[in-house]
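# Survey of secondary and tertiary structure
Now for the letters of each chain:
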Amino acid sequence: MNQATHAAPAAVRADIWLWAARMYKTRSLAKQAIDGGKVDVNNAGCKPSKTLHVGDRLRLTRGEERLELEILALAEQRGPASAAQLLYRETEASRTAREQARELRRLSGAGLNHPPRRPNKQERRELRRLKDFP
């Protein structure tokens with residue numbers, strides 16, 4: 001009688017958990033983020049091989065987003081997004097700060113640097129010349 005039981009692991013590497021929880025698209029991107037200092041575990045630095053446990057608190061930065069998470073479950077395999085959302089809980093302070101930052105970016109029009117007017121014929125030619133050069 002050989003039954004396979006899928007018990008949750010007691011500890012998981014940080015880069016594997018971040019990938020399984022869909023914080024990063026690939027494990028190598030998770031590793032680069034950790035090596036770049038964008039991930040802290042329990043208010044301390046982190047290495048990709050650091051073992052995470054249930055109850056640990058993560059602080060990570062993705063682009064302009066800053067997330068504070070509490071680990072609720074561990075996983076070594078990447079599953080569907082609905083399963084990944086059950087692995088962590090975002091703190092209320094983090095959620096409100098992230099929503100405020102999003103609203104501030106929306107109101108300020110960040111990323112929408114439109115020129116005051118359309119380029120004329122001479123400016124269009126100049127733009128084409130600039131784009132053609134490597």
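Residues numbered from 1 in each chain as written. Predicted model: local features only at pLDDT ≥ 70, side-chain atom pairs only at ≥ 80, totals over all residues. Heavy atoms only, no water.

## Thoughts on unusual backbone geometry
Positive phi, close to 60°, is recorded for Arg-22, a residue that is not glycine. As for its placement among the helices and strands, Arg-22 is situated in the loop between helix H1 (14-20) and helix H2 (27-35). Overall, Arg-22 belongs to the partly exposed group, its relative accessible area being 35%. Here the phi dihedral of Asn-42 falls at roughly 50°; this positive angle occurs in a residue that is not glycine. Looking at the secondary structure, you find Asn-42 in the loop between strand E2 (39-41) and strand E3 (51-52). (Helix = DSSP H or I, 4+ residues; strand = E, 2+ residues; numbered from the N terminus. Buried < 20%, exposed > 50% of the residue type's maximum accessible area, 1.4 Å probe, protein only.)

## Some thoughts on the environment of Val-54
Mapped onto the fold, Val-54 is located in the loop between E3 and strand E4 (57-62). For Val-54, a relative accessible area of 55% corresponds to the exposed category. A C-alpha to C-alpha distance of 9.9 Å links Val-54 and Pro-9, two positions 45 residues apart in sequence. If near-sequence neighbours (up to four positions away) are discounted, Val-54 is found in contact with Ile-71, Leu-72, Ala-73 and Leu-74. (Contact = heavy atoms within 4.5 Å.)

## Quick look at the pattern of salt bridges
For the structure shown, the criterion picks out 14 salt bridges. Between Glu-65 and Arg-98 there is a salt bridge whose closest N-O contact spans 3.6 Å. Taken together, the positions of Glu-65 in strand E5 (residues 65-71) and Arg-98 in helix H4 (residues 92-108) put the pair 33 residues apart, joining distant regions of the chain. You can call Glu-65 partly exposed: its relative accessible area is 24%. By relative accessible area, which is 18% here, Arg-98 ends up buried. (Salt bridge = Lys/Arg side-chain N within 4 Å of Asp/Glu carboxyl O.)

## Section: the environment of Pro-116
Tracing the sequence through the fold places Pro-116 in the loop between H4 and helix H5 (121-132). When the C-alpha atoms of Pro-116 and Ile-16 are compared, they prove to be 47 Å apart, with 100 residues separating the residues in sequence.

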